[in-house]
Amino acid sequence: MSTSLGQGPASGRAPMARLATYKVCWAVLNSEKVKGNTCFEPDMLAVMDDAIADGVHVMTLSLGSSSPVGYKEDGIAVGAFHAVKNNIVVACSAGNSGPKAATLSNPAPWIITVGASSLDRRFFAPVVLGNGMTIEGETVTTYKLKDRMYPLVYASQVEQPNFPKNLSGQCMPLSLSSEKAIGKIVFCLRGNGTRIGKGEEVKRAGGVGYILGNSPAQGEDVQSDAHVLPAMAVGSTNAIRILEYINSTESPTAMIVPPKTQLHRKPAPFMASFTSRGPNVIDPNILKPDITAPGLNILAAWSGADAPTKLSEDPRRVKWNFLSGTSMSCPHVAATAVLIKAIHPTWSSAAIRSAIMTTASLRNNAKTMITDASGKPADPFQFRSGHIWPSKAADPGLVYDASYTDYLLYLCSGKFKNFDKSFKCPKHLPETYDLNYLSLAIGKFQGTVTVNRTVTNAGGPNSVYSAFVKHPMGYKVGLRPSKLEFDNVGEQRSFSITVEARKDVVNNGGNSTDEYSFGWYTWSDGIHSVRSPMVVSSV
């Protein structure tokens, strides 16, 4: 990897913190590592119990199921529940199955479930087309072409005869004709196959370079990879422009320019297209994911035992690599929890989670609301509370606390019994949305629902907080009382939230997120702004 990329100051370190690392995932026999690994549930549960016994304060697990799994069948949820009993903060990845809805993993309310968003940094690598147009792209590939124009082709134009049309243009293994691709820059579309694998196929076929284009589903979140040949990637808008150029001339040409680091890119952050989304199909009354953090093109330490591509034939060895995924965003949140734990050593894991979430930001560096990778407004099913803001999390003002017993009652209410066989569920159970959670998610009602919440003063003495509400469209929300007064730090005050559906709200059926209305309620003393998201549906 080039040492000229990703340079600059870093902040937020905890130099006195110590790491304990546990291995639970293993390479698949007779398979390239780039295709993934395997993680056995008994191993995950065992190392979580080992970490508890070792006395850790925070766990970060960049792991999850490929699809939502019930709490009792989810080894991570069970292990995290053991951790919470010992007041250990657990942060887990939401998953990389976006942009589809209802795809997130690790939905248990005692886990901090983390989505992925961008930074304001990119590795700018333009491609110059033969018509003089310069197309913006990104890469961290260190291989360079000579400073001249090369023939440019779309992958479908240089494929083997009779290659399946449904996979055409995607540079799948053994898809390209060496006779047609040799000496050319090949433009490939994302879709099936791996990004690294597409470049490997271009190189096999004799191509000199490779451009990877996003489909509309991936939008503008461009993942930078250390490809095996000169290469760069573009968002969906620029991918269309390149295709239009290729189709407009008999002899298209292009030149890939080496990358440079650019800072202060706007807008940032935006939500990564791959980040898994809600709603939570295990319990729709628990809004997930919890928060988003940087997970796109993150500079990370790398084992010298592997090439940056994870390909066996790649001879390169590096100490640092650029990676994308909720596996990258999750440690950001865990590290923030470590810093808060150092400042507030007596706080519970729920209080730390609350502080991180209620202080998160909803706006980007262009002072507008956070968007998805296509520039459309994002919603709480993507980021819930917003983008993490570590410096504010140390002083949240109010926190929503929950004990191990509270979670057991929640499990009883949701018919998830026998997590702790020593606990007997009461005869009269609350609803799962009555858990003292710092968000509100209610569905399948037409009339009025009232829930209760309790906050603890973590700010200063003699504090007065007033309520502010952004009503979900089609619903009226009231907080009672509308003012909370605290004489001392550590005091608790309770309030009710009443949600009423308007008479004209109708059941429109289906499963799209358009069925849901989003809003916020906030407690403010003029210094702290303690914001909680709401998601309400009458279907």
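As shown above, the structure is provided for reference.
Being a predicted model, the structure only gives us computed values, none of them experimental. (Residues numbered from 1 in each chain as written. Predicted model: local features only at pLDDT ≥ 70, side-chain atom pairs only at ≥ 80, totals over all residues. Heavy atoms only, no water.)

(A) Seen up close, the overall build of the protein. On a plain count of helices and strands, the protein comes out with 10 helices and 26 strands. A globule of 539 residues ought to have a C-alpha radius of gyration of about 24 Å, and the protein, at 25 Å, matches this closely. Burial status across the protein gives 53% buried among its 539 residues. At a minimum sequence separation of 6, the contacts of the protein that also span at least 24 residues come to 71%. Accessible surface, the protein as shown: approximately 24600 Å² in total, 53% of it carbon and sulfur. Charged side chains of the protein number 53 positive and 42 negative; the gap between the two group centres comes to 2 Å. (Helix = DSSP H or I, 4+ residues; strand = E, 2+ residues; numbered from the N terminus. Rg over C-alpha atoms; globule rule 2.2 N^0.38 Å. Buried < 20%, exposed > 50% of the residue type's maximum accessible area, 1.4 Å probe, protein only. Contact = heavy atoms within 4.5 Å. Areas by Shrake-Rupley, 256 points an atom, 1.4 Å probe, with all protein chains shown as cover. Lys, Arg positive; Asp, Glu negative; His and termini not counted. Charge placed at Lys NZ, Arg CZ, Asp CG, Glu CD.)

(B) Structural detail: helix H1 (residues 41-54). With 14 residues, H1 should cover 20 Å at 1.5 Å per step; its first-to-last C-alpha distance of 20 Å lies within 8% of that length. Among the structural elements, strand S2 (37-39), strand S3 (58-61) and helix H2 (75-85) are those in contact with the buried residues of H1. Within two residues after H1, glycine 55 carries a phi angle of roughly 85 degrees, on the positive side. (Expected span 1.5 Å × (residues − 1).)

(C) The arrangement of the sheet that holds strand S11 (residues 209-213) in detail. Read across the open sheet, the 7 strands follow the order S8-S7-S13-S9-S10-S11-S12; overall the sheet is mixed. Pairing within the sheet leaves two strands with one partner each, and these edge strands are strand S8 (134-135) and strand S12 (231-234). Where strand S9 (residues 150-154) lies against strand S10 (residues 185-189), 3 bridges are found, and the strand directions are parallel. Paired with leucine 152 across the two strands is isoleucine 185, which belongs to S10. This element, helix H4 (residues 195-204), spans S10 and S11 of the sheet and lies at about 145 degrees to S11. Against the sheet, helix H5 (residues 236-248) contacts strand S7 (127-129), S8, S9, S10, S11, S12 and strand S13 (253-256), and its axis sits at roughly 110 degrees relative to S9. (Pairing = 2+ DSSP bridges. Axes fitted to C-alpha atoms, helices over the stretch in contact; angles between N-to-C directions.)

(D) Molecular detail of the pattern of salt bridges. This structure, assessed with the given rule, holds 10 salt bridges. Of the charged contacts, one joins aspartate 306 and lysine 33 as a salt bridge, the two residues approaching to 3.2 Å between their closest N and O atoms. Taken together, the positions of aspartate 306 in the loop between strand S16 (298-301) and strand S17 (320-323) and lysine 33 in the loop between strand S1 (25-27) and S2 put the pair 273 residues apart, joining distant regions of the chain. On the basis of relative accessibility, which here comes to 38%, the residue lysine 33 falls in the partly exposed class. (Salt bridge = Lys/Arg side-chain N within 4 Å of Asp/Glu carboxyl O.)

(E) View of empty space enclosed by the protein. Summed over all chains, the structure comprises 5 cavities of 30 Å³ or more. By volume, the largest cavity is sized at about 70 Å³. Every residue along the wall of the largest cavity is listed here: Thr139, Thr141, Tyr143, Lys144, Leu145, Pro230, Ala231, Ile256, Val257, Pro258 and Pro259. Here the residues of the lining of the largest cavity are counted per class, giving 8 nonpolar, 2 polar and 1 charged. (1 Å grid on protein atoms, 1.4 Å probe; cavity = no way out; pocket = protein on both sides within 12 Å on 5 of 7 lines; lining within 4 Å. Points joined across faces, edges and corners; volume = space filled by probe spheres on them. Nonpolar A, V, L, I, M, F, W, Y, C, P; charged D, E, K, R; others polar.)

(F) Spatial organisation of the pairing of S11. Counting buried residues in S11 gives 5 out of 5 residues, a clear majority hidden from the surface. Residues Gly209, Ile211 and Gly213 of S11 are buried on one face, and the alternating residues Tyr210 and Leu212, pointing to the opposite face, are buried as well. With 5 bridges joining them, S10 and S11 adopt parallel strand pairing. For cysteine 188, the partnering residue across the bridge sits in S11 and is leucine 212. For the crossover that starts at S10, traverses H4 and ends in the parallel S11, the hand is right-handed. (Right-handed = clockwise from strand over helix to strand, strands pointing away.)

(G) Region of the structure containing the state of the cysteines. A full pass over the atoms with the stated rule returns 3 disulfides. Paired by a disulfide, cysteine 25 and cysteine 39 hold their sulfur atoms 2.0 Å apart. Here cysteine 25 and cysteine 39 share a disulfide; its torsion about the S-S bond, 105 degrees, makes the bridge right-handed. Of the two residues, cysteine 25 is situated in strand S1 and cysteine 39 in strand S2; the sequence distance between them amounts to 14 residues. Sequence-ordered numbering of the disulfide-bonded cysteines in the protein gives the connectivity 1-2, 3-4, 5-6. Left without a disulfide partner, cysteine 92 is nearest to the cysteine sulfur of cysteine 330, which lies 5.9 Å away. Taking the relative accessible area as the measure of exposure, cysteine 330 reaches 0% and is therefore buried. (Disulfide = S-S within 2.5 Å.)

(H) Looking closely at H2. Here H2 lies mainly inside the structure; 9 of its 11 residues are buried. Those residues of H2 that fall on the buried side of the exposure criterion are Gly75, Ile76, Ala77, Val78, Gly79, Ala80, Phe81, Ala83 and Val84. Tucked inside the fold, the buried residues of H2 contact H1, S3, strand S4 (89-93), helix H7 (349-358) and helix H10 (404-413). Following H2 by one or two positions, asparagine 87 has its phi on the positive side, about 60 degrees.

(I) Examining the environment of glycine 235 more closely. Of note, glycine 235 is situated in the loop between S12 and H5. Classification of glycine 235 by relative accessible area gives buried; the value is 3%. The spatial distance from the C-alpha of glycine 235 to the C-alpha of proline 216 is 8.4 Å, given a sequence separation of 19 residues. When residues no more than four places from it in sequence are discounted, the contact partners of glycine 235 are Asn214, Gly219, Glu220 and Val222.

(J) Geometry of the environment of asparagine 321. Structurally, asparagine 321 is set in strand S17. Along the chain, asparagine 321 and serine 532 lie 211 residues apart, while their C-alpha atoms are 36 Å from each other. A polar contact is formed between the side chain of asparagine 321 and the backbone oxygen of proline 308, at a distance of 3.0 Å. (Polar contact = N/O pair within 3.5 Å; in protein donor to acceptor, adjacent residues only side chain to side chain.)

(K) Main features of the sheet that holds S4. A sheet is described by the order of its strands in space; here 4 strands give the open sequence S3-S4-S5-S15, paired in parallel fashion. The sheet is open, and its two edges are formed by S3 and strand S15 (291-294), each paired on a single side. Averaged over all pairs of adjacent strands, the angle between strand axes in this sheet comes to 35 degrees, irrespective of strand direction. Pairing of S4 with strand S5 (residues 112-117) involves 3 bridges; the strand directions are parallel. Looking across to S5, one finds that cysteine 92 is bridged to threonine 113.

(L) Region of interest: the packing of aromatic side chains. Using the criterion set out here, one finds 15 aromatic pairs in the structure. Where phenylalanine 381 meets phenylalanine 518, the ring centres are 5.3 Å apart and the plane angle is 85 degrees; that geometry is what we call edge-to-face. Of the two residues, phenylalanine 381 sits in helix H8 (residues 380-383) while phenylalanine 518 sits in strand S25 (residues 517-524), which places them 137 residues apart along the sequence. On the basis of relative accessible area, phenylalanine 381 is assigned to the buried category, the value being 4%. A connected cluster of aromatic rings, assembled from ring pairs, spans Tyr71, Phe81, Trp110, Tyr404, Tyr407, Tyr410, Phe416 and Phe419. (Phe/Tyr/Trp six-rings, centres within 6.5 Å; stacked < 30°, edge-to-face > 60°.)

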